[in-house]
Amino acid sequence: MNSFTFIYIVGIFIILNLFQGFTDISLENQLIFCSLLILLLGIPHGAIDHVLFFKKRKMSQLKFYSIYLGLSLLFVILWHIVPVTSLILFLLISAFHFGESQFADVYFKKSLRYLFYFSWGLCLLSTLMFYNVNELFKITSYFDDTIILDKIYDKDKIGVFFYLTNTITIISMIALTLLKKIKNERLFSEFFLLFLIHITFYLFPFVIGFTLYFVALHSLKVMNDEFEFLKTEEKNFSLIKFLKLLAPYSFLSIFGTTLLLFFSYFNYIPYSIPFLAIVIISVITLPHAIVMNIFYNEKNL
């Protein structure tokens, strides 16, 4: 068991005790506390994309930021025109990114590796939706601009996808073990983690389950990967230096996100908070996933 799985287990016990104490936590309170965790511990894991990119590729800063911000702007426009298609695209990008960050240290043919990343990530997301599909449908029905997204939450289709992706993922991990790409200990560790993810998504509401995974198993792990890499690039690189690197764009992202949600809450912009939150996360994820793909592919070259 690695430290991130341990943190995840601790988080599970803390939340279980909270539910025992309060019996019911309103969606509003879930969103408030989970948003704080994502802002404080989730957003920073993408705050040094520029640093990682320039460690691997040569490009002018103007060109890099034009492409990076341009991709985000294009995704915003896409959300405005075709929200359902944008949500599907966001889920696919997230699936790949989650799978890649989880198995970045496993090497085999790139095309098959990418399929495996998608498989694991889609397994994760389909599991989250499968256990919470009724809640997702209910949440989207609250707001006019999210109602259209309920087309994604077809219980029968999600059920088929759930069983299919879990089966493919399990078979793939066993195959990787037989091919000596991962050790037996890693296989058992991954199976245990997958079991914990199922338990978490089954026991907890959608918002809490996703936040627990995103913070403990994804964001902290990615930040650790970034920190370990930068330590190899610079002598005497410390945690303090790392936090200083994270700070500027973390604060900027947190401030910008908070400001947009504030505008939404007081109806200064014509989008509900849930819809706006999805858009914000997706437009951050798209360029970040591309940079991290470059980082993971080239960090050991």
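Structure first, text after, so check above.
Residues numbered from 1 in each chain as written. Predicted model: local features only at pLDDT ≥ 70, side-chain atom pairs only at ≥ 80, totals over all residues. Heavy atoms only, no water.

## A word on the overall build of the chain
- Looking only at helices and strands, one finds 11 helices and 0 strands in the chain.
- In the chain, the succession of α and β elements from N to C terminus is α-α-α-α-α-α-α-α-α-α-α.
- Rg of the C-alpha trace for the chain: 19 Å, near the compact-globule value of 19 Å for 301 residues, within the 12% margin.
- Across its three principal directions, the C-alpha atoms of the chain cover 50 × 45 × 40 Å.
- Here the chain, with 301 residues, has 48% of them falling under the buried criterion.
- If you take every contact in the chain between residues at least 6 apart in sequence, the share linking residues at least 24 apart comes to 72%.
- Carbon and sulfur atoms make up 71% of the accessible area of the chain, which totals about 16,200 Å². (Helix = DSSP H or I, 4+ residues; strand = E, 2+ residues; numbered from the N terminus. Rg over C-alpha atoms; globule rule 2.2 N^0.38 Å. Buried < 20%, exposed > 50% of the residue type's maximum accessible area, 1.4 Å probe, protein only. Contact = heavy atoms within 4.5 Å. Areas by Shrake-Rupley, 256 points an atom, 1.4 Å probe, with all protein chains shown as cover.)

## Let's talk about the pattern of salt bridges
- The final tally for this structure, using the stated rule, is 5 salt bridges.
- Put simply, Glu190 and Arg186 hold a salt bridge, and the shortest N to O gap is 2.8 Å. On the criterion of helical spacing, the pair formed by Glu190 and Arg186 is a turn pair, its members being 4 residues apart in helix H8 (residues 184-203).
- The salt bridge involving Lys231 is made with Glu228; its shortest N-O contact spans 3.7 Å. Of the two residues, Lys231 and Glu228 both sit in helix H9 (residues 206-233), 3 residues apart, roughly one turn of that helix.
- You can call Lys231 partly exposed: its relative accessible area is 37%. (Salt bridge = Lys/Arg side-chain N within 4 Å of Asp/Glu carboxyl O.)

## A few points about the side chain of Thr200
- Mapped onto the fold, Thr200 is located in helix H8.
- The exposure class of Thr200 is buried, given its relative accessible area of 0%.
- Apart from residues no more than four positions distant in its own chain, Thr200 is found in contact with Tyr8, Ile12, Gly209 and Leu212.

## Some details on the packing of helix H2 (residues 27-42) against H9
- For the pair H2 and H9, the least separation of the axes is 10 Å and the interaxial angle reads 5°. Our classification of the angle between H2 and H9 gives roughly parallel. Contacts between H2 and H9 involve Leu27, Gln30, Leu31, Cys34, Leu37, Ile38, Leu41 and Gly42 from the former and Val207, Ile208, Phe210, Thr211, Phe214, Val215, Ser219 and Met223 from the latter.
- Looking at side-chain class alone, the contact of H2 with H9 contains 12 nonpolar, 4 polar and no charged residues. (Axes fitted to C-alpha atoms, helices over the stretch in contact; angles between N-to-C directions. Parallel < 35°, antiparallel > 145°, perpendicular 65-115°, else oblique. Nonpolar A, V, L, I, M, F, W, Y, C, P; charged D, E, K, R; others polar.)

## As for the nonpolar core
- Tyr8, Trp79, Leu87, Phe98, Tyr153, Ile197 and Tyr213 are the most contacted members of the largest nonpolar core, which has 58 residues in total.
- The dominant element in this core, judged by the number of residues it contributes, is helix H6 (residues 110-140), at 11 residues.
- What Leu87 contacts, discounting residues up to four positions off in sequence, is Trp79, Leu149, Ile152, Tyr153 and Ile278.
- Counting 16 residues, the second largest nonpolar core, distinct from the first, contains Val222, Phe227, Leu230 and Leu246. (Core = buried A, V, L, I, M, F, W, Y, C linked by side-chain atoms within 4.5 Å.)

## Some words on the packing of aromatic side chains
- Tallied over the entire structure, the rule returns 34 aromatic pairs.
- Relative to Phe275, the ring of Tyr271 has its centre 5.5 Å away and its plane inclined at 15°; by these criteria the two rings are stacked.
- Owing to a relative accessible area of 27%, Tyr271 belongs among the partly exposed residues under this scheme.
- You can call Phe275 buried: its relative accessible area is 6%.
- Among the aromatic residues, those joined into a ring-pair cluster are Phe53, Phe54, Phe64, Tyr65 and Tyr68. (Phe/Tyr/Trp six-rings, centres within 6.5 Å; stacked < 30°, edge-to-face > 60°.)

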